[in-house]
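Breakdown of the fold
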Amino acid sequence: MSAFVISESALERNALILRDVADAAGCRIVLALKGFSCWPCFDALSPWLDGCCASGLWEARLARRRFGKHVLTYSPGYASEEIAELAEISDHLDFNSLTQWSRFREEVMRHPRFLSGELKCGLRVNPRFSTGHTPLYDPCAPGSRLGVTPDVMQGAVFPAFISIPCANRGRMTWRLRWARWNGTSATSCPARR
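Residues numbered from 1 in each chain as written. Predicted model: local features only at pLDDT ≥ 70, side-chain atom pairs only at ≥ 80, totals over all residues. Heavy atoms only, no water.

Further remarks concern the overall build of the protein. For the protein, the count of helices and strands is seven helices and eight strands. Per-residue burial over the protein gives 36% buried out of 193 residues. Across the protein, contacts joining residues at least 24 apart in sequence account for 40% of those joining residues at least 6 apart. In the structure as shown, the protein presents an accessible area of about 12,100 Å², 56% of it carried by carbon and sulfur atoms. (Helix = DSSP H or I, 4+ residues; strand = E, 2+ residues; numbered from the N terminus. Buried < 20%, exposed > 50% of the residue type's maximum accessible area, 1.4 Å probe, protein only. Contact = heavy atoms within 4.5 Å. Areas by Shrake-Rupley, 256 points an atom, 1.4 Å probe, with all protein chains shown as cover.)

Written as structure tokens, this is what we have:
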């Protein structure tokens, strides 16, 4: 049996650096469970990180139950029987392709958390710009099936959320708008069903 020794003080020190980066950049920093899923250390990390990135149902469950913050889920291959639970426990659900989105779109868009704006969805984009040195681990390597390439997105219509500041209590509301990919950015287009 393997044993690991982890310095919680070093974890907290590094997490504090990440918190400073997130605050300075105005972004969120999440823990990738595929790289580090040692849940006994979550108490040391959760005060500093914004949530977890899960690569499927089991990691999303771990993130929700043990980390208790924002859960972003992405998988190149969701099973039909997982979507309802993923919609319930994820805060952000990313899809690998337009085909995958089309397959699960109706179920996701009917979910109460999607309708209320609690659940947001996205598409993984593969910009075909490779910076990796090892093709095996490079998601943008030629022939990669991870993400939607710009040429496939050309003219595609997909739902996008637009944040609209609320006058009351300084909260944000989310309204569903449809967007069309024009090759470089998404632009609003007439509503569709």
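What follows is about the side chain of S90. In this fold, S90 is placed in the loop between helix 4 (83-89) and strand 4 (92-95). The buried category is assigned to S90, whose relative accessible area is 0%. Setting aside residues no more than four positions away along its own chain, S90 makes contact with A60, R64, V71, T73, R113 and L119.

Formed by 36 residues in total, the largest nonpolar core has its most connected members in L31, L93, F95 and V108. Elements with a minimum of two residues in this core: helix 1 (8-25), helix 2 (42-45), strand 2 (51-54), helix 3 (57-67), helix 4, strand 4, helix 5 (98-110) and strand 5 (120-123). With sequence-adjacent residues up to four places away left out, L31 is seen in contact with F36, F42, L45, L49, G51, C52, C53 and F67. (Core = buried A, V, L, I, M, F, W, Y, C linked by side-chain atoms within 4.5 Å.)

Hydrogen bonds between backbone groups are what pair the strands of a sheet, and the pairing can be parallel or antiparallel. Here we have five strands laid out as an open sheet, ordered 1-2-3-4-5, and parallel in their pairing. One side of each edge strand has no neighbouring strand; the edge strands of this open sheet are strand 1 (30-32) and strand 5. Looking at each pair of strands side by side, their axes are set apart by 20 degrees on average, direction ignored. Pairing geometry for strand 4 and strand 5, over four bridges, is parallel. (Pairing = 2+ DSSP bridges. Axes fitted to C-alpha atoms, helices over the stretch in contact; angles between N-to-C directions.)

Attention now moves to helix 3. Inspection of helix 3 places L57, E59, A60, R61, L62, A63 and F67 among the buried residues, and these make up the whole buried set. Considering only its buried residues, helix 3 is in contact with strand 1, helix 2, strand 2, strand 3 (70-74) and helix 4. Where helix 3 ends, the next residue or the one after it, G68, has phi of about 75 degrees, a positive value.

This part takes up the pattern of salt bridges. Overall, the coordinates contain eight salt bridges when judged by the stated rule. With its nearest N and O atoms 2.8 Å apart, the salt bridge here joins D91 to R64. Separated by 27 residues along the polypeptide, D91 in the loop between helix 4 and strand 4 and R64 in helix 3 bring together distant segments of the chain. Among the residues examined, D91 registers a relative accessible area of 13% and is labelled buried. Assessed through its relative accessible area of 27%, R64 is described here as partly exposed. Residues R113 and D91 are paired through a salt bridge, measuring 3.3 Å at the closest nitrogen-oxygen approach. With a gap of 22 residues between them, R113 in helix 6 (residues 112-116) and D91 in the loop between helix 4 and strand 4 connect regions that are remote in the sequence. If you follow the salt bridges from partner to partner, you end up with R64, D91, R113 and E118 in one network. (Salt bridge = Lys/Arg side-chain N within 4 Å of Asp/Glu carboxyl O.)

Moving on, we get to the packing of aromatic side chains. Two numbers describe a pair of aromatic rings. These are the distance of the centres and the angle of the planes. Going through the model one piece at a time under the given rule, you end up with five aromatic pairs. Sitting above the plane of the W58 ring, R61 keeps its charged end 4.4 Å from the centroid. Directly above the ring of W39 sits R66, whose terminal nitrogen or CZ lies 3.7 Å from the centroid. (Phe/Tyr/Trp six-rings, centres within 6.5 Å; stacked < 30°, edge-to-face > 60°. Lys NZ or Arg CZ within 6 Å of the ring centre and 35° of its normal.)

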